[in-house]
Amino acid sequence: MAAGRHSRLSDWFNRRGWSDIIISAPYIWLLLFFLLPFLIVIAMSVATRTPSAPPFGYGGDNPALNFAGYARFFEDELYLRALVTSIINAFVAMILCLLIGYPMALGLTRMQRNWRNILLMLIILPFWTSFLLRVYAWMGMMGKSSWFNRLLTDLWNMVTPEGWAMSSIPMMHSNFAVVLVMVYTYLPFMILPLYANLERLDPTLDEAAMDLGTRPFGVFWDVTLPQSIPGIIAGGLLVFIPASGELVIPTLVGDAGSPMIGRVISDEFSSSRDWPMASSIAVALLLLMVVPTMIYSHFQTKAEHKPENRP
Amino acid sequence: MRIEGVSKLFGAFQAVRDVNLTVGKGEIFALLGGSGCGKTTLLRMLAGFEEPSAGRIFLDGQDMTGVPPWERPVHMMFQSYALFPHMSVEKNVAYGLKHEKMTKAEREERVRGMLDLVQLTQFAHRKPHQISGGQRQRVALARALARQPKLLLLDEPLAALDKKLREQTQFELMSIQERTGVTFIVVTHDQEEAMTLADRIAVMDKGEVRQSGTPTEIYEYPNSRFVAGFIGSITSFDGRVTAVEGDLSRVDVPGLGTEIVARSVAGAPSGQEVTVALRPEKVTLTREKPEGPNAIAGEIKDIAYFGKDSLYRVTLPSGGLIAVHGVNAKRAEAGRPDWYDKVWLSFDPAAAILLTE
Amino acid sequence: MRRRPIFLISVLCFGFAFFYIPILSMIVYSFNGSRLATVWGGFSTKWYVSLFSNKQVGAALFLSLKIALISATMATILGTMAGIALARFRRFKGRLFFSGMVTAPLIMPDVITGISSLMLFILMAEWIGWPSTRGFTTITLAHITFSMVYVTTIVQSRLISAERDIEEAAMDLGSKPWQVLWDITLPVIFPAILSGWLLAFTISLDEVVITSFTTGPGNTTLPLLIWSKVKLGVTPDINALATLIVLVVGIGVVIAGWLMNRAEKQRDRDARLAYRANE
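Residues numbered from 1 in each chain as written. Chains lettered and ligands numbered in written order. Predicted model: local features only at pLDDT ≥ 70, side-chain atom pairs only at ≥ 80, totals over all residues. Heavy atoms only, no water.

## Regarding the overall build of chain A
And step 1. Looking only at helices and strands, one finds 13 helices and two strands in chain A.
And step 2. In terms of overall size, chain A is more extended than a compact globule, its C-alpha atoms giving a radius of gyration of 26 Å where 311 residues would be expected to give roughly 19 Å.
And step 3. If you line up chain A on its principal axes, its C-alpha atoms span 80 × 60 × 35 Å.
And step 4. In chain A, which comprises 311 residues, the proportion classed as buried is 51%.
And step 5. Accessible surface, chain A: about 14800 Å² in total, of which carbon and sulfur atoms supply 68%.
And step 6. Of the charged side chains in chain A, 20 are positive and 21 negative, and the gap between their average positions amounts to 9 Å. (Helix = DSSP H or I, 4+ residues; strand = E, 2+ residues; numbered from the N terminus. Rg over C-alpha atoms; globule rule 2.2 N^0.38 Å. Buried < 20%, exposed > 50% of the residue type's maximum accessible area, 1.4 Å probe, protein only. Areas by Shrake-Rupley, 256 points an atom, 1.4 Å probe, with all protein chains shown as cover. Lys, Arg positive; Asp, Glu negative; His and termini not counted. Charge placed at Lys NZ, Arg CZ, Asp CG, Glu CD.)

So this is what it looks like as C-alpha cells:
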C-alpha cells in the first residue's frame, strides 16, 4: 500500500508534478507579494482617510468608493506641479545622458578590444558601489564651501562682469542638482545598451557609405545613427523610467519647494499618514509610466522578430 | 589605372610588396590568390581605405595619394555587400547619388535605370533582409555602379552565392560590364571565376604579383611552379636539360624513366635543372605504343569517373604517379582503359612546361 | 585610413572624469582632519578610527549581509524557477499574466513598491496576525520579491539562447524531463544563475527606499544608517565608510577580472594544445 502510494506520487512527479512545482512556486510568490500589494494600492486609492490605525476605512460612515484623492490630485496644484517637475527633470536627465552617453559608447567601439574591456569595467564599477554614496559624493562636491563649488565660483567671477560676482554658486537643493545627480547615477544605464547596439553594427557599412562619397560625419548621420535607434530608445527609457519615480535624489539634493512626485507620495504616506491620497498619486504615476513602457516593449518585440537578428 | 611600386606594411607584417600593375580602360582585371596573399589589402588601397606605405596609385594619370575614399571616382562592391539594412533597395541604390549635382528627376531616372539593369525593379521597395542572396548581390552592384565610377572594385563578388547561381551571375556580371564599359577589378580566390570573368589576371602570393597576363598566357605559359600549381592541376617532375636544339630541348626526367622533348624556354641552357610540369588534359592515353617522341609506359592505378570525362592515375616505371584526363566521347565505349591495364602515355613537345623557378 | 576620433576620445575622457572625480574627492576628504567636511584641515585617519569604534555600523553591516545572503539565495531559487517556466514551458494557464508580473517590478518605482509592501504587511498583521513585528522578516520578503525578477530576466535570456539539442540528446538517452533539467540544463546555465545571485545580492545590499518602508524599530541596515546620516548633510565618517566600500568593491572587481582573464587565457591555451594534438 505504501509502495503503491509512493509510485503514484513519483508517477505524478515524473509526469507533470515537477513542472507544476516550477511554475507555481514563483507564481504564487508573485501573486502574494507583488500583485496583492498592488491591488491594495488600487483599493486604498478609493478608500477614505480616518484617524484610526490603520488610517483608512470603507463603508459605514464613509462612502464605499471615495475618489477624493483623485479629485485632489487634479485640483491641488501641488500634485500636478510635482508630476510635471518629475517629467521635466527625468526628461532633461535622459537627454543629457544621451548627449554624453552616445559619444562615450561610440568612442568605446573605436577602442582596441583589451582597452574596451577595461573601460567598460570602469563604467560599471561605480554601479557596484552604493547608490546612496554616489549621491552623497555629489553632496560633498556641490556644498557651498567645497573645492568644486569654489572653483566654479572663481570661474564664474572671472568671466562675468563686476556686478554679477557671487560668493558661491547655489547648486544644492535645486532641480539643477537633481538632474546632475540623476545623470551621474543613471549614465551607465544609457551607455551599456547603446554600446551593445553600436558594437554589433557592421563597420563595412561605414566604409560602403564613404566609398559612395559620404564624409565621416555624414556616415554617422546616414548609417550609424538610424541603426542605433533601438539602443537610444532602450537607454532612454532605462534612464527615464526610474528617474521619474526617483525618491532618494530629490530628498537629498532637491528643492523641497518644488518636490518630485516620488517625494510627494512618500510625504503623503509617512508624514501626513494619508494612505488613500498617497495611493491615488501612486496610481496616477503608474498610469503615466505605462506609456513609455509600452513603447519600450513594442520596440523590444520588434527587434526580436526582425529576421536579420535571428541566428 | 596604374599601380607603381605599391607596398603596405601592417607593423612588421608586409601585406603587399612592391606591386606594379597597369589596368586598361574597360577591362575586367582579376586579382587572384589564396587567403592572406594581400589581394584584399591592395583593393582597399585602391578604394582609399588604406594608404600605401610606399608607391603610388594613378587613376587616369591623376595621383590618388591622400585622396580620401569619399572623393575617389572608385566604387567598391563589398564581399558582404554591406547593404544599408535600414534603407529600401531603391534608397540603397540612390544613396551615392545624393552627393551628385543632379535634379530629383535625373536621380530617379538613374535609379530606375540601374534597377532595370540588374532586373530588380519590382523589388525596389523591399528592405535588404526581404530579398534573396543573389538579389542582394545585384543591389550591391547597382549601388556601386549608380554613380558611374571610373573603376569598380569587386571583393569576392560571387563567394556568398551557391554554385548554380554563381555560374549564372558570372555571365550577368560580364554582360553588365560590357554594357556600362566601366573598368572592373575583381578580387577572387577562385581560379575558375578569374579565368571566366577576366580579360587579364594577376596571380598574387605573399603580397607579391607572381605573374600577370591573359587567362591563356597564365594557364599555358606559367612562369613558376607556384603559378602552374595554382591555376589548374599539374603533375611535376624534376629534370635536367641535356641538349638545346633550337626550339626544342631534350630533358632527362628520371621520374618518367626516359628522356623527353619539350619546347625550349629562356634561361634553361644545357645542364640546367628544371621542373617539367604536365597538365592532365595534355597527355594522351593509348593501348598501343604511339609514334613519335615522349611515349611512356605505365599501369592504371585509379580511375575517377566524372561522366563527361575520367581522371586516370597512372603508375610510372619509376614508381611515381601521373594524372591523365580522358574524354568519354562515346557511350559505354568498348575497350576503355580499366583498372590495372597496361597503357602508353604520350604528349606533344609543346605541351610540356619547363619551369626554372 | 582610420582617423583618430578626437571628439569621441575627449567625450570619453570627460565622462570618466565625471564618473571618478566625485569619488576621488570623497576619498581625499575621508582623510580630512577638520570636522567641517568640505574644508581641508590636514591629514588624519581619525574618521576611520571613529568608524571602527562605532558599534552601530558593525551591527548594520551584519544585518545587511544577513538579509542580502538569504534574500539573494531565495530570489535565485524562485527567479530561476520562473525563468525556466517562461523559457521552457511554452503554454500553461496564465502564462501571459505571469510574464507581466515578472516584468512589472522592474519598472515599478521604489516608492510605490515600498508603500504597497508596507500596507500589505500591516494589513496581514491585522488580518492573520503575521508578521507581528516588522524588521528582518519583512525586509527579507520584500527584497526577495523585487530581486527575483532580475534573476528571472538573466536566466530566461540565457535559456532562450541555449541550444536545445543537448537536452533532446539527454532525453533520447533515456532521461526523464526533470532529470534533463537537473543533469543538463541547470549545469549549463549555472554561470547565469551565479551572476543572477550576485546581482540580487548587490541590489539587496544597496536597497534603501523599499527597506525604509518595510523595516521596523531597531532594524537598521547599512544603507538605512547611511541614509539617516546623509539626510542631515555631509559628515566626514561617511566619507571614510564610502572609501572603504569603494576599496572593497574595487578589489573585488579587479580580482574577478583577473580570474576571468586567467580562465580565458587557460581556455585559449587548452584550445591551442587540442588543435595541435589534432594535427
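Once the structure has been displayed, the description carries forward.
## What to know about the interface of chain C and chain A
And step 1. Contacts between the two partners involve 82 residues from chain C and, on the opposite side, 81 residues from chain A.
And step 2. With both chains or domains summed, chain C and chain A bury close to 7500 Å², and 86% of this area falls on carbon and sulfur atoms.
And step 3. For the chain C face of the interface with chain A, the top three residues by lost area are C:Phe18, C:Phe19 and C:Met119, together amounting to 9%.
And step 4. Across the contact surface, chain C and chain A share zero salt bridges.
And step 5. Seen at the junction of chain C and chain A, the total is eight residue pairs in polar contact (both at pLDDT 80 or more).
And step 6. Sort the elements by how many residues they give to the side of chain C that touches chain A and helix α1 (residues 6–29) of chain C lands first, with 17 residues. (Contact = heavy atoms within 4.5 Å. Buried area = accessible area lost by both parts, 1.4 Å probe. Salt bridge = Lys/Arg side-chain N within 4 Å of Asp/Glu carboxyl O. Polar contact = N/O pair within 3.5 Å; in protein donor to acceptor, adjacent residues only side chain to side chain.)

## Concerning the packing of helix α4 (residues 133–145) of chain B against helix α5 (residues 163–180) of chain B
Residue and element names in this part refer to chain B.
And step 1. Contact pair α4 / α5: the axes reach a minimum separation of 12 Å and the direction vectors enclose 20°. On the basis of the axis angle, α4 is roughly parallel to α5. Here α4 and α5 pass one another in a crossing that is right-handed. Facing α4, whose interface residues are Gly 134, Gln 137, Arg 138, Leu 141 and Leu 145, α5 presents Leu 165, Thr 169, Glu 172, Leu 173 and Ile 176.
And step 2. Among the residues making up the contact of α4 with α5, the classes are represented as five nonpolar, three polar and two charged. (Axes fitted to C-alpha atoms, helices over the stretch in contact; angles between N-to-C directions. Parallel < 35°, antiparallel > 145°, perpendicular 65-115°, else oblique. Left-handed = near helix turned anticlockwise from the far one by under 90°. Nonpolar A, V, L, I, M, F, W, Y, C, P; charged D, E, K, R; others polar.)

## Details of helix α6 (residues 147–159) of chain A
Residues and elements named next belong to chain A.
And step 1. Taking 1.5 Å per residue as the helical rise, α6 with its 13 residues ought to reach 18 Å, and the 18 Å between its terminal C-alpha atoms agrees with that figure.
And step 2. Among the residues making up α6, those that are buried are Phe 148, Asn 149 and Thr 153. For α6, the buried positions fall inside an angular range of 130° around the axis, keeping them on one side.
And step 3. As for α6, its buried residues are in contact with α5 (131–142). (Expected span 1.5 Å × (residues − 1). Arc of directions from axis to C-beta.)

## Details of empty space enclosed by the protein
And step 1. The tally for this structure, following the rule as stated, stands at 11 cavities of 30 Å³ or more.
And step 2. Roughly 150 Å³ of volume is contained in the largest cavity.
And step 3. For the largest cavity, the lining is made up of 16 residues, of which A:Phe33, A:Phe34, C:Thr113, C:Ser117 and C:Thr145 are closest to its centre.
And step 4. Listing elements by their share of the lining of the largest cavity, those giving two or more residues are α1 (2–45) of chain A together with α5 (110–128) and α6 (136–161) of chain C.
And step 5. Tallied by class, residues from the lining of the largest cavity come to 12 nonpolar, four polar and no charged. (1 Å grid on protein atoms, 1.4 Å probe; cavity = no way out; pocket = protein on both sides within 12 Å on 5 of 7 lines; lining within 4 Å. Points joined across faces, edges and corners; volume = space filled by probe spheres on them.)

## Comments concerning the interface of chain A and chain B
And step 1. Between chain A and chain B, the residue contacts involve 20 residues of the former and 25 residues of the latter.
And step 2. Of the roughly 1900 Å² buried between chain A and chain B on both sides combined, carbon and sulfur atoms contribute 60%.
And step 3. Three residues, A:Glu207, A:Asp211 and A:Leu212, lead the burial of chain A against chain B; their summed loss comes to 35% of the area buried on that side.
And step 4. For the pair chain A and chain B, the number of links is three salt bridges.
And step 5. Across the salt bridge formed by B:Arg44 and A:Glu207, the nearest N and O atoms sit 2.7 Å from each other.
And step 6. Listing elements by their share of the side of chain A that touches chain B, those giving two or more residues are α8 (203–211) and α9 (216–227) of chain A.
And step 7. A total of seven residues in the side of chain A that touches chain B trace back to one element, the largest contributor, which is α8(A).
And step 8. Of the residues assigned to the side of chain A that touches chain B, the class counts are nine nonpolar, five polar and six charged.

## Considerations on the nonpolar core
And step 1. Formed by 154 residues in total, the largest nonpolar core has its most connected members in A:Met104, A:Trp138, A:Leu252, A:Val253, A:Ile265, C:Phe19 and C:Phe98.
And step 2. Take this core: its biggest share by element is 15 residues, from helix α7 (residues 175–200) of chain A.
And step 3. The contact partners of C:Phe98, leaving out residues within four places of it in the chain, are A:Ile23, A:Pro26, A:Tyr27, A:Leu30, C:Ala82, C:Ala85, C:Leu86 and C:Phe92. (Core = buried A, V, L, I, M, F, W, Y, C linked by side-chain atoms within 4.5 Å.)

## Concerning the confidence of the model for chain C
And step 1. In the predicted model, chain C carries a mean pLDDT of 88, and the fraction of residues at 70 or more is 97%.
And step 2. In the predicted complex, the global pTM is 0.85; the interface-specific ipTM is 0.90. (pLDDT = per-residue confidence, 0-100.)

## Let's talk about the pairing of strand β1 (residues 2–10) of chain B
Residue and element names in this part refer to chain B.
And step 1. Across four bridges, β1 lies against strand β4 (residues 54–59) in antiparallel orientation. Each residue of the ladder has a partner; that of Ile 3, found in β4, is Ile 57.
And step 2. Where β1 folds back on strand β2 (residues 13–22), the antiparallel hairpin that results is connected by two residues, among which Gly 11 adopts a positive phi of roughly 65°. (Pairing = 2+ DSSP bridges.)

## Description of the packing of aromatic side chains
And step 1. Tallying each qualifying case throughout the model produces 32 aromatic pairs over all chains.
And step 2. Arranged with centres 6.3 Å apart and planes meeting at 20°, the rings of A:Phe56 and A:Trp275 form a pair that is stacked. Within this pair, whereas A:Phe56 is found in strand β2 (residues 56–57), its partner A:Trp275 is found in helix α13 (residues 275–305), the two being separated by 219 residues in sequence. Considered together, A:Phe56 and A:Trp275 belong to a single accessibility category, that of buried residues.
And step 3. The structure contains a cluster of three or more aromatic residues connected by ring pairs, namely A:Trp138, A:Trp147, A:Phe148, A:Tyr184, C:Phe14, C:Phe16, C:Phe18 and C:Phe19. (Phe/Tyr/Trp six-rings, centres within 6.5 Å; stacked < 30°, edge-to-face > 60°.)

## Some thoughts on a nonpolar patch on the surface
Residue and element names in this part refer to chain A.
And step 1. Together, Val 84, Ile 88, Phe 91, Val 92, Ile 95, Leu 96 and Leu 99 make up a nonpolar patch on the protein surface, roughly 580 Å² of accessible area in all.
And step 2. Topologically, Phe 91 is positioned in helix α3 (residues 77–109).
And step 3. What makes Phe 91 partly exposed here is its relative accessible area of 44%. (Patch = residues over 30% accessible without salt bridge, like charges linked within 9 Å, V, L, I, M, F, W, Y side chains within 5 Å.)

## Here we look at the packing of α9(A) against helix α10 (residues 229–244) of chain A
The angle between the axes and the distance between the axes are what describe a pair of packed helices.
Residues and elements named next belong to chain A.
And step 1. Orientation of α9 relative to α10, taken along the N-to-C sense of each, is 50°, at an axis distance of 4 Å. Here α9 lies oblique to α10, going by the angle between them. For the pair α9 and α10, contact is made by Leu 225, Pro 226 and Gln 227 and by Ile 229, Pro 230 and Ile 232, respectively.
And step 2. Residues of the contact of α9 with α10, tallied by class, amount to five nonpolar, one polar and no charged.

## Points about unusual backbone geometry
And step 1. Note that the residue after C:Trp130, namely C:Pro131, is joined by a cis bond; omega there is 0°.
And step 2. Mapping C:Pro131 onto the fold places it in the loop between α5 and α6.
And step 3. With phi around 45°, B:Glu156 is a residue other than glycine that occupies positive phi space.
And step 4. Here B:Glu156 lies in the loop between β7 (151–155) and α5.

## Some points on the sheet that holds strand β12 (residues 248–253) of chain B
All names here are of chain B.
And step 1. If you trace the five strands from one edge of the open sheet to the other, you get β13-β12-β11-β14-β20, paired in antiparallel fashion. This sheet does not close on itself; its edge strands, each paired only once, are β13 (258–263) and β20 (353–355). For this sheet, the mean angle separating the axes of adjacent strands, direction not counted, is 45°.
And step 2. Where strand β11 (residues 235–245) and strand β14 (residues 273–278) come together, six bridges link them in antiparallel fashion. Note that in β14 the partner of Asp 238 across the bridge is Thr 275.

## Focus on the pattern of salt bridges
And step 1. Tallied over the full model, the rule gives 33 salt bridges over all chains.
And step 2. Across the pair C:Glu167 and C:Arg164 runs a salt bridge whose closest N-O atoms are separated by 3.1 Å.
And step 3. By relative accessible area, C:Arg164 is classed as partly exposed at 40%.
And step 4. When salt bridges that share partners are traced, they join A:Arg72, A:Glu268 and A:Asp274 into one network.

## Some details on the environment of B:Phe306
All names here are of chain B.
And step 1. Here Phe 306 shows up in the loop between β16 (295–305) and β17 (309–315).
And step 2. On the basis of relative accessible area, Phe 306 is assigned to the exposed category, the value being 51%.
And step 3. Along the backbone, Phe 306 and Met 204 are 102 residues apart, and their C-alpha atoms lie at a distance of 31 Å.

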